[in-house]
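Take a look at the letters that make up each chain.
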Amino acid sequence: MSHDIFISHSSEDNTVASDVCVELEDRGLEVWIAPRDITGGENWGQAIYNGIRNAEAVLLLMSERANQSKETKREIKLADDYEVPIIPVVIEDAEVPGE
């Protein structure tokens, strides 16, 4: 199932991510966000992979917690590998991570 936006965020930023999701959906966009869109019994990694591969763009919620999250880094790498556009949204002052 394709969708407009995959929201990549640290689980510690879940409240902000949920608010952004609601705002985007109120504007008519189809949004994929974990854990909401992972069904019971579904493999978490495969669900994330499918969510990114079927997105028109990945919205990265940038925070210090996202910078430190291995999962967020994997999501952005996967989006880059499959040439899914990445839209960074800074939700707090944070250093842009280096290589």
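Scroll up to find the structure this text is about.
Analysis parameters
- Position numbers for residues count from 1 along each chain, tracking the sequence in the order it is written.
- In keeping with the predicted nature of the model, local features appear solely for residues at pLDDT of at least 70, side-chain atom pairs appear and are counted solely at 80 or more, and the whole-chain, interface and lining totals rest on all residues.
- Side-chain calculation: all heavy atoms of the structure are included, whereas hydrogens and water are not.
- Secondary structure follows DSSP: runs of H or I at least 4 residues long count as helices, runs of E at least 2 residues long count as strands, and numbering of each begins at the N terminus.
- Computation of the radius of gyration draws on C-alpha atoms, with the globule rule given as 2.2 Å multiplied by the number of residues to the power 0.38.
- Exposure is judged per residue with a 1.4 Å probe applied to protein chains only, and the accessible area is read against the type maximum: over 50% gives exposed, under 20% gives buried, and values in between give partly exposed.
- In what follows, residue pairs with any heavy atoms lying within 4.5 Å of each other are defined as contacts.
- When charges are counted, Lys and Arg are positive and Asp and Glu negative, with His and the chain ends excluded.
- Just so you know, the charge point we use is NZ for Lys, CZ for Arg, CG for Asp and CD for Glu.

This part is about the overall build of the protein. A count of helices and strands for the protein gives 4 helices and 4 strands. Secondary structure of the protein in N-to-C order comes out as β-α-β-α-β-α-α-β. Relative to the 2.2 N^0.38 estimate, which gives 13 Å for 99 residues, the radius of gyration of the protein is 13 Å and therefore close to what a compact globule would have. Projected onto its principal axes, the C-alpha positions of the protein cover 35 × 30 × 25 Å. A total of 99 residues make up the protein; the buried ones form 36% of that total. Residue pairs at least 24 apart in sequence account for 73% of intrachain contacts in the protein once pairs closer than 6 positions are excluded. Averaging the locations of the 8 positively and 21 negatively charged side chains of the protein gives two centres separated by 6 Å.

To continue, consider unusual backbone geometry. Here the residue pair Ala34 and Pro35 is connected by a cis peptide bond, since its omega of 0° sits within 30 degrees of zero. For Pro35, the location among the structural elements is in the loop between β2 (31-32) and α2 (44-53). One non-glycine residue, Glu83, lies in the positive phi region at around 55°. Tracing the backbone through its elements, the reader meets Glu83 in the loop between α4 (70-81) and β4 (86-90). A residue is classified by how much of its surface remains accessible, and Glu83, at 72% relative accessible area, is exposed.

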